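Architecture at a glance
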Amino acid sequence: MSTQQATFVRASMIEASPAPSLERGAASWLRRNLFATPKDSVLTIISLLILAWLVPPAIQWLFIDAAWSGGGRGVCATLSQGGSQPEGWSGACWAFVNAKFAQFLFGRYPLDERWRPALVGILFVLLLVPMLIPRIPYKGLNALLLLGALPVLAAILLPGGWFGLTYVETPLWGGLMVTLVLSFVGIAVSLPLGILLALGRRSNMPVIKMLCTVFIEVIRGVPLITVLFMASVMLPLFLPQGVTFDKFLRALIGVSLFASAYMAEVVRGGLQAIPKGQYEGADSLGLSFWQKMGFIVLPQALKLVIPGIVNTFIGLFKDTSLVSIIGMFDLLGIVRLNFSDTNWATAVTPLTGLIFAGFVFWLFCFGMSRYSGFMERLLDRSQR
């Protein structure tokens, strides 16, 4: 009996074929993202025309025709205005930003003592970066140094008055230093306090629930300017004779409490989104209230509301500009203060300074937004 070998059985796997030329490369990306439908094509063309109309003049004004160096208003003014630029010139005055850059960072902090805020800033970056990278170990020690040791060191170095350091009054503080201190303290305080307020508002104890609800609704019902004004002007009137607090400390407390009220509502939304079965399952295991919240409920709730939490942080970072109402000068405030310097009084100086301040604010806010997206993708186990 003869046997025949089946011709339809392969002895090796077929090699993978390359994707069609229309499904790869730049042309494929453009078709999928910009020209997928007629509507998308029209919108893309309109957007490109708008960019072609706006971008070249902006680049011309910001970079090509800009004044990059110089020692006074003459480099940013035309001949008829008492400067050295030709008639009809208009460009960014980056020489103004370059000359005032140190003041934009530290405000009116004494020149000989600026190493102190610079050292605090360097330590802050060195501790924050490994804290934000998930794969770096020793997160507990890192958090202890960042949230425990660094604030104590900053409270010693920035104001001074101890260990032979010259005392620097907080009205002399300003610039990016004030913006970062206010936002960092506000973020570090508002998140845990907001969690406690959210838990208190959902508590079964009537007194705790009422107190937390009243606090949240009262703080959320007034603008931040009112809170700062009350903390700076009205609070001393209610204190005993001779008892007072530093104005900057009052601003820190006001900003932190204001952000905590908004954070509480964000966290409460996450708690309400957790299915009831999660609570019941934790109760069936015999966990206490704090164990149930710490190990079961809060990790899921906070993961769900990461966008809302970061949105509150971004709003807090931008709202630090409102401290100008109490005589403190953050980055935007110190930039605007320097507009009155007659040595740099030109037509293009204010716009250049505001663009610089806006870019710095955008840089920090965009960084927080992108890190928020990274954490969402990292914690989204459904996509793994």
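Figured I'd write up the structure that's included with this text. (Residues numbered from 1 in each chain as written. Predicted model: local features only at pLDDT ≥ 70, side-chain atom pairs only at ≥ 80, totals over all residues. Heavy atoms only, no water.)

A few words on the overall build of the protein. Counting secondary structure elements, the protein contains 14 helices and two strands. By principal-axis analysis of the C-alpha atoms, the protein measures approximately 110 × 70 × 45 Å. When each of the 384 residues of the protein is scored for burial, the buried share is 35%. A fraction of 68% describes how many contacts in the protein between residues 6 or more apart in sequence connect residues 24 or more apart. Roughly 23100 Å² of accessible area belongs to the protein as shown, and the carbon and sulfur atoms make up 69% of that amount. Here the protein contributes 28 positive and 18 negative side-chain charges, whose respective centroids are spaced 7 Å apart. (Helix = DSSP H or I, 4+ residues; strand = E, 2+ residues; numbered from the N terminus. Buried < 20%, exposed > 50% of the residue type's maximum accessible area, 1.4 Å probe, protein only. Contact = heavy atoms within 4.5 Å. Areas by Shrake-Rupley, 256 points an atom, 1.4 Å probe, with all protein chains shown as cover. Lys, Arg positive; Asp, Glu negative; His and termini not counted. Charge placed at Lys NZ, Arg CZ, Asp CG, Glu CD.)

Here we take up the packing of helix 8 (residues 224–234) against helix 9 (residues 247–273). For the pair helix 8 and helix 9, interaxial distance at closest approach is 9 Å and the crossing angle is 145°. As helix 8 packs across helix 9, the resulting crossing turns out to be right-handed. Along the contact surface, helix 8 presents Leu224, Val227, Leu228, Ala231 and Ser232, while helix 9 presents Lys247, Arg250, Ala251, Gly254, Val255 and Phe258. Looking at the contact of helix 8 with helix 9 residue by residue, the classes come out as seven nonpolar, two polar and two charged. (Axes fitted to C-alpha atoms, helices over the stretch in contact; angles between N-to-C directions. Left-handed = near helix turned anticlockwise from the far one by under 90°. Nonpolar A, V, L, I, M, F, W, Y, C, P; charged D, E, K, R; others polar.)

The next thing to look at is the nonpolar core. With 30 residues, the main nonpolar core has Cys76, Trp94, Phe104, Leu331, Trp344 and Phe356 as its most contacted residues. Elements with a minimum of two residues in this core: helix 2 (38–64), helix 3 (94–106), helix 12 (306–319), helix 13 (331–337) and helix 14 (349–379). The biggest single contributor to this core is helix 14, with six residues. One finds Leu158, Leu165, Val178 and Val323 within the second-largest nonpolar core, a separate group that totals 28 residues. (Core = buried A, V, L, I, M, F, W, Y, C linked by side-chain atoms within 4.5 Å.)

A word on the pattern of salt bridges. Tallied over the entire structure, the rule returns seven salt bridges. Taking the shortest distance from any N to any O, the salt bridge between Arg116 and Glu113 comes out at 2.7 Å. No difference in accessibility class separates Arg116 from Glu113, as the two residues are buried. For Arg220, the salt bridge is made with Glu217, and the minimal N-O distance between the two is 3.7 Å. Of the two residues, Arg220 and Glu217 are both situated in helix 7 (residues 206–220); the distance of three residues between them amounts to about one turn of the helix. A residue is classified by how much of its surface remains accessible, and Arg220, at 32% relative accessible area, is partly exposed. Residue Glu217 is classed as partly exposed on the basis of its relative accessible area of 34%. Here the salt bridges do not stand alone but share partners, grouping Arg201, Glu217, Arg220, Glu265 and Arg268 into one network. (Salt bridge = Lys/Arg side-chain N within 4 Å of Asp/Glu carboxyl O.)

When the sulfur atoms of two cysteines share a covalent bond, that bond is a disulfide. Tallied over the entire structure, the rule returns one disulfide. Here Cys76 pairs with Cys93 through a disulfide, and the sulfurs are 1.9 Å apart. Because the sign of the S-S torsion sets the handedness, a value of about 80° for the bond joining Cys76 and Cys93 places this disulfide among the right-handed ones. Of this pair, Cys76 sits in the loop between helix 2 and helix 3 while Cys93 sits in the loop between helix 2 and helix 3; the two residues are 17 residues apart in sequence, bridging distant segments of the chain. Of the two residues, Cys76 and Cys93, neither departs from the other in class, the shared state being buried. (Disulfide = S-S within 2.5 Å.)

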